[in-house]
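Report on the structure
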Amino acid sequence: MNQLQWKMNSPLGDLYLVASEKGLQSLYWKKTAGIPLASSLTGKDGAIKILKQTETELAEYFKGQRQDFDVPLDVTGTDFQESVWKQLKKIPYGKTVSYTDIARRIKKEKAVRAVGTANGKNPICIIVPCHRVIAASGSLGGYSGGLERKEALLRLESTYF
Amino acid sequence: MKKDDIFYNAMLARDPRFDGKFFIGVKTTGIYCRPICPAKPKRENVEFFSNHLAAEKAGYRPCLRCRPESAPQSPAWIGKSALVRRAIKMIDKIETLEFNEDQFAELFGVSARHLRRLFIEEVGKTPKQLSFENRLNLSRQLISETALPITEVAFAAGFNSIRRFNDAFKERFKKSPSEIRRKPVKNESTLSIRLAYRPPFDFNGLLHFYRSHAVGQLEWFEGGVMHRIVEVNGKVGQITLSDLPDESCVKLEIDFPDTTALHTIISRVRSLLDLDSDPVIIANVLETDKDMKALLKKHPGIRLPSSWDPFEVVVAAILGQVVSVERGRALVNDLIELAGSDSGLLRDGKSVRLFPTPAQVIKTDLKSLKTTTRRKETLVALSRALINGELSLEPTQDVDSFVEKILSIPGIGPWTASYMALKALRHTDAFPATDLIIARAIAEHPKTKFESFSPWRGYVAALLWREYSHVLKKTRRKK
């Protein structure tokens, strides 16, 4: 399978996008080793098109002009992880929920910690909005890209002051 | 048949097994070539040289077609004095781009003036000129094989001024950098270059070894391809290695943020894959024994596996004492997680840590590492000796005195010392006879006189490991 990586300069630092021709596979704040970095986003390659669409949508998001993403995703995880990620997608722009809320929504009230872990394993940040999940106490919780970025994203969506 | 006729026939056949073993000077053009060069000069117009330095000393300049500087280097290049031989090896490996003759001479305990005189006598060039030429050679390889912008090429070759680079390049190759450029310039993140070897080349054997000794998350394998995350001078990147048997070359893809590290990366890869080895010389010695001849026939072109960094080998050797290869690997992985710094790269969404430096090892609390206290103490003592400069892992040092020094560290016995000499120093004559697999293999060949393979006993060890490591595993499982 043809995978490509693309480095996008975002207002919060470099973002690394990885796509196959089927869809976006990951979006991280760090580079993934072993996947070639595209030199430009020109050409008819399927993965390039996905990367280009993702970059455009993300640019709009950072300008505050986009709330939902349309780019197709190509992610696989365990059944549990996928059920958590599905719930993440349902959190509306500008809202935050707690880890407990997610656990309740997948009808596994006691799996709060597992939800936290699955949340942390989310391969596609921003688009699958794991940053909108915060601790029940109201504190930020954790974030793989660093708490400053989590805070900045929530501030962008103006729910956290 | 005269010796020169053998050379001439090898040249006509363009036989890659002779690549780097001799060079052809063409009197009519003043150019020297590799045996594999497509140019076919007449017999009366050529003379032969045993190494590229001799050809240059006689006033020839390198061919633009076959690029003699990209031939495999001579492993047994015989300078008149051991000092010059060691110094030349050192120049090829040197990691910084600034070359200070006084400091360099100090490494060998002689004055710069004395070393210069020896060099002029034997090589026809000073150490500084040689180091300078190595960098120009690298720049030519980068210009003709990659799309790296010429400015970057100049930096990679250690130049700060493009004009000086252009002048020096033209002086050596009689053409300007832009005249040699074939590919359109693109600022691609990955550079791809070819490193020549002399066939046969047991790439699969090397891969098999590195796969079973994979270092933490830093090395991984897909089919016939090896990936490795590398750190040079505080910067992190990635390399990918694959074999191109039809061209007698290894393809090296480099994704690294700093081009000035290319020289270091290339020379480390050359030793990682033992590319400068000469399989014919080794086979000649090993084939004097019937059993070894049969083994070599099964694994032609056996090479000495080592590692990206000698410190990784010595640490793995200590943590691997008495335990299985798998367990040893797991311990190395735990140590990396405990003491290594973040590489800034991800694999499967997880941050990859770099191999710890000796300084990081002594600063880390090793309590949670699941090995004996004794081995932890050995690890710390070794790291400390490396930091203090009491011990070095430099491959050009005298092996006997290295073994003596390392044996004085508590917890290091003859097996570990000899294993380290072989894997870290790449000493071709080290033979860890007490190794579990080697000892068993020796018992399988009662008639073989192993001491007769000197100075290539390291290759015999590699051959025995290649043949017997999985056999031993299988019989163990049966129990």
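Basis of the calculations
- Per-chain numbering applies: the sequence of each chain, read as written, is numbered from 1 onward.
- Each chain takes a letter, starting from A, and each ligand takes a number, starting from 1, following the order in which they are written.
- This being a predicted model, a pLDDT of at least 70 is required before a residue's local features are given, and a value of 80 or more before pairs of side-chain atoms are given or counted; all residues contribute to the totals for chains, interfaces and linings.
- As a convention, hydrogens and water are excluded, and side-chain values are obtained from all of the structure's heavy atoms.
- Put simply, DSSP H or I for four residues or longer makes a helix, DSSP E for two residues or longer makes a strand, and each gets a number counted from the N terminus.
- C-alpha atoms define the radius of gyration, and 2.2 Å times the number of residues to the power 0.38 defines the globule rule.
- Summary of the burial criterion: residues with accessible area below 20% of their type's maximum are buried, those above 50% are exposed, and those between are partly exposed, where the area comes from a 1.4 Å probe applied to protein chains only.
- Computed by Shrake-Rupley with a 1.4 Å probe, the accessible areas treat only the displayed protein chains as cover when residues are assessed.
- For the purposes of this description, domain bounds are those given by an automatic or database domain assignment.
- The contact criterion used throughout is that any non-hydrogen atoms of two residues lie within 4.5 Å.
- The term buried area refers to how much accessible surface (probe radius 1.4 Å) is lost by two components on association, counted for both of them together.
- Criterion for a salt bridge: a side-chain nitrogen of Lys or Arg within 4 Å of a carboxyl oxygen of Asp or Glu.
- UniProt positions are given in the numbering used here, feature names are shortened, and annotations may be inferred rather than shown by experiment.
- Take the buried residues of types Ala, Val, Leu, Ile, Met, Phe, Trp, Tyr and Cys, join any two whose side-chain atoms come within 4.5 Å, and each joined set is a nonpolar core.
- Aromatic rings from Phe, Tyr and Trp, taking only the six-membered ring of Trp, are treated as a pair when their centres fall within 6.5 Å; an angle between ring planes under 30 degrees marks them as stacked, one over 60 as edge-to-face, and anything in between as tilted.
- Pairing between two strands requires that DSSP report at least two bridges joining them.
- Axis definition: a line fit to C-alpha positions, over the contact stretch in the case of helices; interaxial angles, taken between N-to-C directions, run 0 to 180 degrees.

1. Comments concerning the overall build of chain B
Along its length, chain B carries 21 helices and 11 strands. On C-alpha atoms alone, chain B measures out to a radius of gyration of 23 Å, which is about the 23 Å that the 2.2 N^0.38 rule sets for 479 residues. Along the first, second and third principal axes, the C-alpha atoms of chain B reach 70 × 50 × 45 Å. Taking all 479 residues of chain B together, the buried fraction comes to 54%. Accessible surface computed for chain B: about 22100 Å², of which carbon and sulfur atoms make up 51%.

2. A word on the domain arrangement of chain B
All names here are of chain B. Each domain of chain B was delimited in the assignment, giving domain 1 (3-70), domain 2 (82-180) and domain 3 (191-258). One C-alpha centre belongs to domain 1, the other to domain 2, and the line joining them spans 22 Å. With 12 residues of domain 1 at the interface, the matching set in domain 2 holds 19 residues. It is Leu53, Leu64 and Arg67 that lose the most area in domain 1 upon contact with domain 2, and together they represent 42% of the buried surface on that side. Our enumeration of links across domain 1 and domain 2 arrives at three salt bridges. Glu56 serves as the salt-bridge partner of Arg172, at 2.7 Å between the closest nitrogen and oxygen.

3. Observations regarding the UniProt feature "active site" (unreviewed entry) in chain A
Residue and element names in this part refer to chain A. In the numbering used here, UniProt assigns the "active site" (unreviewed entry) feature to Cys130. Within the secondary structure layout, Cys130 lies in the loop between helix H4 (112-120) and strand E6 (133-134). In this structure Cys130 comes out as buried when scored by relative accessible area, which is 9%. Excluding residues within four positions of it along the chain, Cys130 makes contact with Leu88, Asn119, Asn122, Cys125 and Tyr143.

4. Quick notes on the nonpolar core
All names here are of chain B. Of all hydrophobic cores here, the largest spans 113 residues; its most connected members are Leu273, Leu382 and Leu464. Viewed by domain, this core spans two of them, domain 2 (82-180) and domain 3 (191-258), each represented by three or more residues. Excluding residues within four positions of it along the chain, Leu464 makes contact with Met292, Leu295, Phe431, Ile437, Ile438, Ala441, His445, Phe450 and Ser469.

5. Notes on the interface of chain A and chain B
The interface is formed by eight residues belonging to chain A together with 13 residues belonging to chain B. Both faces combined, the contact of chain A with chain B buries some 960 Å², and carbon together with sulfur accounts for 56% of it. Looking at the side of chain A facing chain B, the largest losses of area belong to Lys30, Lys31 and Ala33 of chain A, adding up to 54% of the total buried there. Taken together, the links from chain A to chain B amount to two salt bridges.

6. Focus: the pattern of salt bridges
Counted by the stated rule, this structure contains 29 salt bridges over all chains. Between Lys31 of chain A and Asp255 of chain B there is a salt bridge, with the nearest N and O atoms lying 3.1 Å from each other. Highlighted residues: Lys31 of chain A in strand E4 (residues 31-32) and Asp255 of chain B in strand E9 (residues 249-255), drawn from two different chains. Judged on exposure class, the residue Lys31 of chain A and its partner Asp255 of chain B are both buried. Asp70 of chain A is the partner of Arg66 of chain A in a salt bridge, and the nearest nitrogen-oxygen pair spans 3.2 Å. A relative accessible area of 16% places Arg66 of chain A in the buried class. Overlapping salt bridges bring together Glu57, Glu60, Arg66 and Asp70 of chain A as one network.

7. Section: unusual backbone geometry
Residue and element names in this part refer to chain B. Going from Pro199 to Pro200, the amide bond is cis rather than trans, its omega being -5°. With respect to the helices, strands and loops of the structure, Pro200 is situated in the loop between strand E5 (191-196) and helix H10 (203-212). A positive phi angle, near 50°, is found at Ser248, a position not held by glycine. Inspection of the secondary structure assignment puts Ser248 in the loop between strand E8 (235-244) and E9. Even without glycine at this site, Arg426 takes up a positive phi of about 55°.

8. So, the packing of aromatic side chains
Residues and elements named next belong to chain B. Under the definition given, this model contains 24 aromatic pairs over all chains. Plain terms: the ring middles of Phe7 and Phe48 are 5.3 Å apart, the flat faces sit at 50° to each other, and that makes the pair tilted. Taken together, the positions of Phe7 in helix H1 (residues 3-13) and Phe48 in strand E3 (residues 46-49) put the pair 41 residues apart, joining distant regions of the chain. The two residues Phe7 and Phe48 agree in class, both being buried. Following the ring pairs from residue to residue traces out a cluster consisting of Phe132, Phe159, Phe165, Phe169 and Phe173.

9. Concerning the sheet that holds strand E7 (residues 225-232) of chain B
Sheets are built from strands that pair by backbone hydrogen bonding, the pairs being arranged parallel or antiparallel. Residue and element names in this part refer to chain B. Spatial ordering of the open sheet is given by E5-E9-E8-E7-E6, a layout of five strands whose pairing is antiparallel. Edge positions in the sheet fall to E5 and strand E6 (219-222), since each of these pairs with one other strand and no more. On average, each strand axis in the sheet is tilted by 25° relative to the strand beside it, whichever way the strands run. Both E7 and E8 contribute to a ladder of seven bridges, which runs antiparallel. Across the sheet, the residue bridging to Ile229 is Gln238, located in E8. The strands that H10 touches are E6, E7 and E8; relative to E6, the one it contacts most, it runs at about 130°. Strand contacts of helix H11 (residues 262-272): E5, E7, E8 and E9, with the helix running at about 45° to E5, the strand carrying the most contacts.

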